Amino acid sequence: MFDLYRKSGIFKVVFTMRRIDRRGDKNQDMAAYVRRLEKRRENIRSSCIEQYTFPDESLDATVIVPVFNQEKYISQCIDSLLRQKTLYSYEVIVVDDGSTDGTRKILETYDDSRLKIIHQNNHGIAQARNQGLKAARGRYLFFCDSDDYMPEYALDRLLRIATRTSADVVEGAYQYVNENGVKGKKKRHFGLQNKYLDTFGVPWGKCIKRALFTNVLFPPGYWFEDSVIHHIILPRAKKIVWCKSIVYYYRTNSRGVTSQSKGRLASIDSLWITMSLAKDHSDLGLPVDYNYFAYLLRMARVTYWRVNELSGEIRKLVFYIYKEFIVQLYNAQKRHIEIPLYKLDQRNIFAIFSDGTFQMYDEYFQKT
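Notes on the structure follow. (Residues numbered from 1 in each chain as written. Predicted model: local features only at pLDDT ≥ 70, side-chain atom pairs only at ≥ 80, totals over all residues. Heavy atoms only, no water.)

## Looking at the nonpolar core
Logical step 1: If you look at the biggest cluster of nonpolar residues, it comprises 71 residues, and the most contacted ones within it are L37, L133, F213, Y322, I326, F353 and Y361.
Logical step 2: Those residues in contact with Y361 that sit more than four places away from it in its chain are Y304, V318, F319, I352 and F353.
Logical step 3: Listed in part, the 37 residues of the second largest apolar core include L81, V92, L155 and L158. (Core = buried A, V, L, I, M, F, W, Y, C linked by side-chain atoms within 4.5 Å. Buried < 20%, exposed > 50% of the residue type's maximum accessible area, 1.4 Å probe, protein only. Contact = heavy atoms within 4.5 Å.)

## Examining the environment of I74
Logical step 1: Within the secondary structure, I74 sits in helix 3 (residues 74-82).
Logical step 2: We classify I74 as buried; its relative accessible area is 0%. (Helix = DSSP H or I, 4+ residues; strand = E, 2+ residues; numbered from the N terminus.)

## A closer look at the layout of surface pockets
Logical step 1: In this model, the second largest pocket occupies a volume close to 540 Å³.
Logical step 2: Taken together, 26 residues form the lining of the second largest pocket, with M275, S276, A278, K279 and F325 sitting closest to its centre.
Logical step 3: Elements that contribute at least two residues to the lining of the second largest pocket include exactly helix 2 (30-38), helix 9 (269-283), helix 10 (290-306) and helix 11 (312-333).
Logical step 4: Residue composition of the lining of the second largest pocket, by class: 14 nonpolar, eight polar and four charged. (1 Å grid on protein atoms, 1.4 Å probe; cavity = no way out; pocket = protein on both sides within 12 Å on 5 of 7 lines; lining within 4 Å. Points joined across faces, edges and corners; volume = space filled by probe spheres on them. Nonpolar A, V, L, I, M, F, W, Y, C, P; charged D, E, K, R; others polar.)

## Re the pairing of strand 10 (residues 240-251)
Logical step 1: Taking burial as the measure, the twelve residues of strand 10 include nine buried ones, the bulk of the element.
Logical step 2: Of the pairings in the sheet, the one linking strand 7 (residues 169-177) to strand 10 comprises eight bridges and is parallel in character. What sits directly across from V170, in strand 10, is V241. (Pairing = 2+ DSSP bridges.)

## A short note on the packing of helix 2 against helix 11
Logical step 1: Look at helix 2 against helix 11: their axes get within 10 Å of each other, and the N-to-C directions meet at 140°. With respect to helix 11, the element helix 2 is oriented oblique. The two elements helix 2 and helix 11 cross, and the hand of that crossing is left-handed. Along its contact with helix 2, which presents M30, Y33, V34, R36 and L37, the element helix 11 presents E313, I314, L317, V318, Y320, I321 and E324.
Logical step 2: The residue inventory of the contact of helix 2 with helix 11, partitioned by class, reads nine nonpolar, no polar and three charged. (Axes fitted to C-alpha atoms, helices over the stretch in contact; angles between N-to-C directions. Parallel < 35°, antiparallel > 145°, perpendicular 65-115°, else oblique. Left-handed = near helix turned anticlockwise from the far one by under 90°.)

## Notes on the side chain of T274
Logical step 1: Along the chain, the position of T274 falls in helix 9.
Logical step 2: We classify T274 as buried; its relative accessible area is 1%.
Logical step 3: Not counting residues up to four positions away in its chain, the partners in contact with T274 are H231, D269, L296, M299, Y322 and F325.

## Quick look at the pattern of salt bridges
Logical step 1: Within this structure, the stated rule accounts for 19 salt bridges.
Logical step 2: With its nearest N and O atoms 2.8 Å apart, the salt bridge here joins E313 to R40. In this pair, E313 sits in helix 11 while R40 sits in the loop between helix 2 and strand 3 (59-67), placing the two residues 273 residues apart along the sequence.
Logical step 3: Of the charged contacts, one joins E152 and K85 as a salt bridge, the two residues approaching to 3.4 Å between their closest N and O atoms. Separated by 67 residues along the polypeptide, E152 in the loop between strand 6 (138-143) and helix 6 (154-165) and K85 in the loop between helix 3 and strand 4 (90-97) bring together distant segments of the chain.
Logical step 4: When its relative accessible area of 56% is taken as the criterion, K85 is described as exposed. (Salt bridge = Lys/Arg side-chain N within 4 Å of Asp/Glu carboxyl O.)

## Thoughts on the packing of aromatic side chains
Logical step 1: As enumerated under the stated definition, the model contains 30 aromatic pairs in all.
Logical step 2: For the ring pair F143 and F213, a centre distance of 5.8 Å and an interplane angle of 55° mean the geometry is tilted. Of this pair, F143 sits in strand 6 while F213 is found in the loop between strand 9 (206-209) and helix 7 (228-236), placing the two residues 70 residues apart along the sequence.
Logical step 3: Exposure remark for F143: the relative accessible area of 1% places this residue in the buried category.
Logical step 4: For F213, a relative accessible area of 0% translates into the label buried.
Logical step 5: Summarising the aromatic geometry, the rings of Y304 and W305 are spaced 5.0 Å apart at their centres and angled 90° between planes, so their arrangement reads as edge-to-face.
Logical step 6: The class for W305 is partly exposed, based on a relative accessible area of 33%.
Logical step 7: One aromatic cluster is present, built from ring pairs that chain together Y33, Y304, W305, F319, Y320, Y322, F325, F353, F358, Y361, Y364 and F365.
Logical step 8: We note R129 situated over the ring of F218; from NZ or CZ to the ring centre the distance is 5.2 Å.
Logical step 9: Note that R306 overlies the ring of F224, its terminal NZ or CZ placed 3.8 Å from the centroid. (Phe/Tyr/Trp six-rings, centres within 6.5 Å; stacked < 30°, edge-to-face > 60°. Lys NZ or Arg CZ within 6 Å of the ring centre and 35° of its normal.)

## Thoughts on unusual backbone geometry
Logical step 1: Backbone geometry at S166 places phi at a positive 60°, although glycine is not the residue there.
Logical step 2: Relative to the elements of secondary structure, S166 occurs in the loop between helix 6 and strand 7.
Logical step 3: Residue class for S166 comes out exposed when judged on its relative accessible area of 52%.
Logical step 4: Unusually for a residue other than glycine, F224 sits at a positive phi of about 65°.
Logical step 5: Here F224 is to be found in the loop between strand 9 and helix 7.

Laid out in structure tokens, this is it:
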């Protein structure tokens, strides 16, 4: 179906014209594909759009920490936030999402006017972050996961850049830390050209203007809820600046969403949330341009690997639904979307969705 070869360090695919029997695809009703997949993993159709009112903006920054059963690491996380060396005013909001281990007892030992603790029944990380958002009084927002921590200069460095440049988002580098506290690889930027593709698609490691979350929350009920950053928050930003300093220590562990979703039906949420947030993106009046379309093509690869350990039937259903989603979006917005000729990977993925089969899709992602 296609030949794959390597030239000048770049994988290139050349599609050969060949008659392909697609009668099985053409005769299928897309709604039927969706119904079949929803029997395996319901699409809750959760939106990120919700009308709510922020408290008065009385502080420079708010750090939001969702926590569930992190008695091993929560003290290091909170201590790192309360030890920030800065003259900027800030608060730390910890939202305990129904912890059942010793986390709550540890939280009760803190007595600091900058620390606010909210307890809720277990509703998941999205709802925990949303509780923090609705209580935030800072002009800028920071997010920190409860098993991670931040260097003592992080808030000050990012806030100084944000203030000096009037940036909507300032993003720094981060460093991996293993479960024993040993620091590893550093991840940093090498230039921002496309805010969808060159900016880390996570809430942490950033200084984010609170106004970007106006009437927007993390979509509850889905896995991969932080996809809202790439779909909604970054597109709303008019100016993004990056900082080369390490501002976040990210702990690698086997309990992360990506690790937990492997081989589980929850990984299908990668498809559902992409489609849901794309609708929210449109409903909020954000442009569907080349940059956003390129991000959606990249998410096709991400979704492929997230569901790769599921059955062949499920993987085919994911392909057919994503294919229809991409083609419909392109047909509606093609005046604003033009993939450059040199973007070989994007053009190949789009070609497969436009006129390809599951076999081509599977083989291409396996080889590239």
